[in-house]
Amino acid sequence: MARRTKAEAEATRLALLDAAEEVFFEKGVARTSLEQIARHAGMTRGAVYWHFRNKADLFRAMLERVRLPFEELVAETAGEGTSPLEAIRLGCERGFLRLEQPRHRRVHAILVHRCEFFSDIDPQAMQSEMASECLEALGDYLGAARAQGLLREDLAPEVATRLLQSLLSGIFHDWLRDPEAYSLHERGMALVDAQLALMRR
């Protein structure tokens, strides 16, 4: 019985996150109340407070479902002996494919375009945290590439890291403005391949 209750509680939590995702996307985060989310999920506001302290807590849990740690993206596809530059390429490809999935696209659109700074929700800080994680991972791979003699001698790993991070951020934000305009995976990989080719020794 206890196991069933735990499963039901998790199902309720996931349903509330799904509802928040839909209402946040439609109305924006600031204009959405916990009451609206509860009604959209067919539940009471008490159910929301049972699982989440407040709207900021719910928002962060929604965001956590689509986090894309670069190391994990690489680990999903790279094998032992994969070169650092190929690991970057594989991680980027996996990330582009993941971002094209409806949930990932919707939640990132909420974070970038439908969330204003208020109370204890700071979308800029959240975006900066995610970008910093990616920057650090790219820096590690490009540092390893330099140590293995794979980078151009006139290109410092720090500069290469910033170049690649700027490319990824630019293509992501450009695509997110109109996701139907083109395939993020196709265009993103064409740009990543071109950038890596320019970086290789």
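Residues numbered from 1 in each chain as written. Predicted model: local features only at pLDDT ≥ 70, side-chain atom pairs only at ≥ 80, totals over all residues. Heavy atoms only, no water.

Take the overall build of the protein chain next. Each helix and strand counted, the protein chain has 10 helices and zero strands in total. Relative to its 201 residues, the protein chain shows a buried fraction of 41%. Taking as baseline every contact in the protein chain between residues at least 6 positions apart, the subset at least 24 positions apart corresponds to 70%. Accessible surface, the protein chain: about 10800 Å² in total, of which carbon and sulfur atoms supply 51%. Side-chain charges of the protein chain comprise 27 positive and 31 negative groups, with the mean position of each set lying 5 Å from the other. (Helix = DSSP H or I, 4+ residues; strand = E, 2+ residues; numbered from the N terminus. Buried < 20%, exposed > 50% of the residue type's maximum accessible area, 1.4 Å probe, protein only. Contact = heavy atoms within 4.5 Å. Areas by Shrake-Rupley, 256 points an atom, 1.4 Å probe, with all protein chains shown as cover. Lys, Arg positive; Asp, Glu negative; His and termini not counted. Charge placed at Lys NZ, Arg CZ, Asp CG, Glu CD.)

With their axes 9 Å apart at the nearest point, helix H8 (residues 123-147) and helix H9 (residues 157-177) run at an angle of 140 degrees to one another. Here H8 lies oblique to H9, going by the angle between them. H8 and H9 meet at a crossing whose hand is right-handed. Packed against H8, whose contacting residues are Gln127, Ala131, Cys134, Leu135, Leu138, Gly139, Leu142, Gly143 and Arg146, the element H9 presents Pro157, Ala160, Thr161, Arg162, Leu164, Gln165, Leu168 and His173 at the interface. Residue classes in the contact of H8 with H9 are distributed as nine nonpolar, six polar and two charged. (Axes fitted to C-alpha atoms, helices over the stretch in contact; angles between N-to-C directions. Parallel < 35°, antiparallel > 145°, perpendicular 65-115°, else oblique. Left-handed = near helix turned anticlockwise from the far one by under 90°. Nonpolar A, V, L, I, M, F, W, Y, C, P; charged D, E, K, R; others polar.)

All right, on to the side chain of Lys55 then. Topologically, Lys55 is positioned in helix H4 (residues 55-64). One buried charge, Lys55, has no salt-bridge partner; the nearest side chain with opposite charge is Glu116, at 7.7 Å. (Salt bridge = Lys/Arg side-chain N within 4 Å of Asp/Glu carboxyl O.)

A word on the environment of Ala9. Here Ala9 shows up in helix H1 (residues 2-27). Separated by 41 residues in the primary sequence, Ala9 and Trp50 have C-alpha atoms spaced 9.5 Å apart.

This paragraph deals with the domain arrangement of the protein chain. Many structure descriptions define interface size as the accessible area lost when the parts assemble. One can read the domain layout of the protein chain as domain 1 (6-54) and domain 2 (66-199). Spacing between the C-alpha centres of domain 1 and domain 2 amounts to 30 Å. Between domain 1 and domain 2, roughly 900 Å² of surface is buried when both sides are summed, and carbon and sulfur atoms account for 58% of that area. In this structure, the connection of domain 1 to domain 2 is made through four salt bridges. (Domains from an automatic or database assignment. Buried area = accessible area lost by both parts, 1.4 Å probe.)

Our focus in this paragraph is the nonpolar core. Phe70, Ile88, Cys92, Phe96, Leu168 and Met199 are the most contacted members of the largest nonpolar core, which totals 32 residues. Breaking this core down by element, the ones donating at least two residues are helix H5 (70-77), helix H6 (84-99), H8, H9 and helix H10 (184-199). For this core, the element with the most residues is H9, which contributes eight residues. Discounting residues that sit within four places of it in the chain, Ile88 has contacts with Phe70, Leu138, Tyr141, Leu142, Leu164 and Leu196. (Core = buried A, V, L, I, M, F, W, Y, C linked by side-chain atoms within 4.5 Å.)

Here we come to the environment of Glu21. Its place among the elements puts Glu21 in helix H1. Overall, Glu21 belongs to the buried group, its relative accessible area being 0%. Sequence separation between Glu21 and Val192 is 171 residues, and the spatial gap between their C-alpha atoms is 30 Å. Discounting residues that sit within four places of it in the chain, Glu21 has contacts with Met62, Arg65, Arg103, Arg106, Val107 and Ile110.

Moving on to the state of the cysteines. As enumerated under the stated definition, the model contains zero disulfides in all. Unpaired in terms of disulfides, Cys134 finds its nearest cysteine sulfur in Cys92, a separation of 7.1 Å. (Disulfide = S-S within 2.5 Å.)

Between its terminal C-alpha atoms H6 stretches 22 Å, which fits the 22 Å expected from 16 residues at 1.5 Å a residue. Every buried residue of H6 is accounted for by Pro84, Leu85, Ala87, Ile88, Leu90, Gly91, Cys92, Gly95, Phe96, Arg98 and Leu99. (Expected span 1.5 Å × (residues − 1).)

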